[in-house]
Amino acid sequence: QVQLVESGGGLVQAGGSLRLSCAASGLTFSRYNMGWFRQAPGKEREFVAAIRWSGGRTYYGDSVKGRFTISRDNAKNVVYLQMNGLKPEDTAVYYCAAPSRPLGDWDLGARRYYYYWGQGTQVTVSS
């Protein structure tokens, strides 16, 4: 079965950096577009970043552009989210996600595109 397991979350001061990892299994990772979403208390799940299966094209939510970088290592079946210049408003549970089908083109920023989700990892940014 498909499993997505996030790690790397924790407590960091404003202005600091953190790198999240998502280890995927049960799918041909190199053929899947991947995404990161986050959800803060009382708010809907928000698109953060996405990367195509080839790693050649990336997408970011407006609130994180210029600060976050998504990347992947297809040899390790891992997708990363490097978060720099963290702000208290970045505090949320961060989720890794994969679609139900490999390859293909669609709206990678839409929650509806994704089928598989990780358990989430908490990121807390203190001021």
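Residues numbered from 1 in each chain as written. Predicted model: local features only at pLDDT ≥ 70, side-chain atom pairs only at ≥ 80, totals over all residues. Heavy atoms only, no water.

Engineer: Mind showing me how you'd approach the packing of aromatic side chains here?
Structural biologist: Where two aromatic rings form a pair, the distance of their centres and the angle of their planes describe that pair. Taken as a whole and assessed by the stated rule, the structure comprises seven aromatic pairs. Seen from their ring centres, Phe-37 and Phe-47 are 5.6 Å apart, and the 70° between their planes marks the pair as edge-to-face. Linking Phe-37 in strand β4 (residues 34-39) with Phe-47 in strand β5 (residues 46-51), this pair joins segments that are 10 residues apart in sequence. A residue is classified by how much of its surface remains accessible, and Phe-37, at 0% relative accessible area, is buried. Seen in terms of ring centroids, Phe-37 and Tyr-114 are 5.3 Å apart; in terms of plane orientation they differ by 75°. Their pairing is edge-to-face. With a gap of 77 residues between them, Phe-37 in strand β4 and Tyr-114 in strand β10 (residues 114-117) connect regions that are remote in the sequence. Look at Tyr-114 and you get buried, because its relative accessible area is 6%. Members of the aromatic cluster, connected to one another through ring pairs, are Phe-37, Phe-47, Trp-106, Tyr-113, Tyr-114 and Trp-117. The residue whose ring lies beneath Arg-72 is Phe-29, and the NZ or CZ to ring-centre distance is 4.3 Å. (Phe/Tyr/Trp six-rings, centres within 6.5 Å; stacked < 30°, edge-to-face > 60°. Helix = DSSP H or I, 4+ residues; strand = E, 2+ residues; numbered from the N terminus. Buried < 20%, exposed > 50% of the residue type's maximum accessible area, 1.4 Å probe, protein only. Lys NZ or Arg CZ within 6 Å of the ring centre and 35° of its normal.)

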